[in-house]
Amino acid sequence: MGQGLWRVARNQQLQHEGYSEQGYLSREQSRRVAAGSISNTSHRKQVQGGIDIYHLLKARKSKEQEGFINLEMLPPELSFTILSYLNATDLCLASCVWQDLANDELLWQGLCKSTWGHCSIYNKNPPLGFSFRKLYMQLDEGSLTFNANPEEGVNYFMSKGILDDSPKEIAKFIFCTRTLNWKKLRIYLDERRDVLDDLVTLHNFRNQFLPNALREFFRHIHAPEERGEYLETLITKFSHRFCACNPDLMRELGLSPDAVYVLCYSLILLSIDLTSPHVKNKMSKREFIRNTRRAAQNISEDFVGHLYDNIYLIGHVAA
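Numbers given to residues run from 1 along each chain, matching the order in which its sequence is written. Restriction of local features to residues with pLDDT of at least 70 applies here, the model being predicted, together with a cutoff of 80 or more for giving and counting side-chain atom pairs; totals for whole chains, interfaces and linings are based on all residues. Note that water and hydrogens are dropped before the side-chain values are worked out from all heavy atoms of the structure.

- In the nomenclature of an unreviewed UniProt entry, the chain is known as F-box only protein 8 of Crocuta crocuta.
- As recorded by UniProt, the Function (unreviewed entry) comment attached to the chain reads in full: "May promote guanine-nucleotide exchange on an ARF. Promotes the activation of ARF through replacement of GDP with GTP." UniProt positions are given in the numbering used here, feature names are shortened, and annotations may be inferred rather than shown by experiment.

Encoded structure:
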């Protein structure tokens with residue numbers, strides 16, 4: 001009863017002041033609506049800003065998901081240039097995405113010739129159904145076979161029509177290939193001296209300094225680990241080839257194939273002496289000149305001194 005009378009008195013006071021309970025409530029609601037409107041406006045601004053950031057992140061994410069440009073959308077010349085930098089494994093993977101581009105014969109032809117520079121089949125009319133991708137797989141298989149058994153590897157190449165049964169063709173193939181195991185290759189050349197003869201003639205030592213020419217020779221035809229008949233054969237063949245490539249120099253220096261043979265043997269012994277950690281007392285330049293001129297008396301002292309300097313500065317001739 002007391003509370004009811006208090007409410008009546010309170011309402012009369014509010015009405016006298018220009019308010020009513022309903023007006024008070026309406027004013028309070030308006031205040032809340034206005035506050036809500038302000039908050040909603042700021043919220044919309046935040047939301048609007050959030051949407052912009054979202055779109056930016058989404059666009060960025062979509063670009064990251066793309067990873068790289070679709071090569072099919074580029075000019076063919078540019079696409080082939082990009083794919084030409086891939087190896088065989090990556091090119092096979094690329095062919096899963098771009099079949100027409102990555103299976104192109106020009107790309108596989110480039111891979112074949114960059115790894116196996118010479119094959120007899122390159123100079124022949126291709127047989128029916130020929131593809132360089134298939135040829136690459138056969139060359140790779142034949143190289144692995146050669147590295148296990150050289151004779152079987154060469155027979156594999158011949159059976160597939162990749163190589164002709166000719167010492168000259170086999171020599172060219174070996175000279176232009178870097179995937180063959182050098183230890184197996186050394187065994188094969190020791191057994192096939194006819195191939196070795198043709199392989200030596202493929203080297204051009206014109207205007208090369210003798211130690212540098214010897215390094216290039218042993219880079220293709222690896223020297224045996226021990227002295228013996230095969231090493232002597234290699235040095236003899238190199239000496240004749242070096243003289244044939246530099247006739248004017250030989251006349252000027254007064255050198256013969258026998259003198260070049262002596263120099264090559266001296267260079268090999270000097271290389272071992274200077275580079276071996278087991279040799280404590282290294283041969284001096286004066287000692288090398290004296291020992292070499294005893295074996296080949298017509299050689300000038302300056303020339304022999306330059307030979308010593310080359311080994312001392314550059315290193316072993318058969319490393």
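That was the structure; now back to the text.
### A word on the overall build of the chain
Next, step 1: Under the DSSP-based scheme used, a helix requires at least four consecutive residues in state H or I and a strand at least two consecutive residues in state E, with every element numbered from the N terminus. A count of helical and extended segments in the chain gives 17 helices and 0 strands.
Next, step 2: Working definition: with a 1.4 Å probe on protein chains only, accessible area under 20% of the residue-type maximum means buried, over 50% means exposed, and in between means partly exposed. The proportion of buried residues among the 319 residues of the chain is 34%.
Next, step 3: In the chain, the proportion of contacts linking residues at least 24 apart, taken out of those at least 6 apart, comes to 59%.
Next, step 4: Computed with the Shrake-Rupley method and a 1.4 Å probe, the accessible areas treat only the protein chains shown as cover for residues. On the chain, roughly 20,300 Å² of surface is accessible, and the fraction owed to carbon and sulfur atoms is 52%. The criterion used for residue contact is that any of the two residues' heavy atoms lie within 4.5 Å.

### Quick word on the nonpolar core
Next, step 1: Definition used in this section: a nonpolar core is a set of buried Ala, Val, Leu, Ile, Met, Phe, Trp, Tyr and Cys residues joined via side-chain atoms within 4.5 Å. Formed by 66 residues in total, the largest nonpolar core has its most connected members in Tyr-122, Leu-139, Ile-174, Leu-189, Leu-210, Ile-221 and Phe-238.
Next, step 2: A per-element tally of this core places helix H15 (residues 257–275) first, with 9 residues.
Next, step 3: The contacts of Phe-238, once residues within four sequence positions are left out, are Phe-205, Leu-210, Ala-213, Leu-214, Phe-217 and Cys-264.

### Structural notes on unusual backbone geometry
Next, step 1: Positioned with a positive phi, Asn-207 is a non-glycine residue whose angle comes to about 60 degrees.
Next, step 2: Using a relative accessible area of 68% as the deciding quantity, one classes Asn-207 as exposed.

### A closer look at the packing of aromatic side chains
Next, step 1: Only Phe, Tyr and Trp rings are paired, with Trp represented by its six-membered ring, and only when their centres lie within 6.5 Å; those with planes under 30 degrees apart are stacked, over 60 edge-to-face, the remainder tilted. One pass over the structure, following the stated rule, counts 14 aromatic pairs.
Next, step 2: The interplanar angle of 75 degrees and the centroid separation of 5.3 Å between the aromatic rings of Trp-116 and Tyr-136 together place this pair among those described as edge-to-face. Here the residue Trp-116 occupies a position in the loop between helix H6 (105–115) and helix H7 (132–148), and Tyr-136 occupies one in helix H7, the gap between them amounting to 20 residues.
Next, step 3: For Tyr-136, a relative accessible area of 13% puts it in the buried group.
Next, step 4: The aromatic ring of Tyr-122 is capped on one face by Lys-113, whose charged end is 5.2 Å from the ring centroid. The rule is short: NZ of Lys or CZ of Arg within 6 Å of the ring centre and within 35 degrees of the ring normal puts a charge over the ring.

### Some details on the state of the cysteines
Next, step 1: When the sulfur atoms of two cysteines come within 2.5 Å, that pair is taken as a disulfide. If you walk through the whole model with that rule in mind, you get 0 disulfides.
Next, step 2: Cys-119 supplies the cysteine sulfur nearest to Cys-112, a cysteine that is in no disulfide, at a spacing of 7.7 Å.
Next, step 3: For Cys-112, a relative accessible area of 0% gives the class buried.
Next, step 4: Of all cysteine sulfurs in the structure, the one in Cys-264 sits closest to Cys-243, which takes part in no disulfide; the separation is 8.8 Å.
Next, step 5: You can call Cys-243 buried: its relative accessible area is 11%.

### Some points on the layout of surface pockets
Next, step 1: Think of a 1 Å grid over the protein atoms and nothing else: a 1.4 Å probe that fits but is trapped marks a cavity, an open set flanked by protein within 12 Å on at least five of seven lines marks a pocket, and residues with an atom within 4 Å of a point count as lining. Grid points are joined across faces, edges and corners, and a volume is the space filled by probe spheres set on the points. Approximately 340 Å³ is the volume found for the largest pocket.
Next, step 2: Together, 17 residues line the largest pocket, and Ala-223, Pro-224, Glu-225, His-316 and Ala-318 are the ones closest to its centre.
Next, step 3: Contributing elements (two or more residues each) for the lining of the largest pocket: helix H10 (182–191) and H15.
Next, step 4: Of the residues forming the lining of the largest pocket, the biggest block, 4 residues, is contributed by H15.
Next, step 5: Here the nonpolar group is Ala, Val, Leu, Ile, Met, Phe, Trp, Tyr, Cys and Pro; Asp, Glu, Lys and Arg are the charged ones; every other residue, Gly included, is treated as polar. For the lining of the largest pocket, a count of residues per class yields 11 nonpolar, 2 polar and 4 charged.
Next, step 6: Of the voids in this model, the second largest pocket is the one considered here, and its volume is about 160 Å³.
Next, step 7: Ile-174, Phe-175, Thr-177, Arg-178, Thr-179, Leu-180, Trp-182, Leu-185, Arg-219, His-220 and His-222 are the residues that line the second largest pocket.
Next, step 8: Looking at side-chain class alone, the lining of the second largest pocket contains 5 nonpolar, 4 polar and 2 charged residues.

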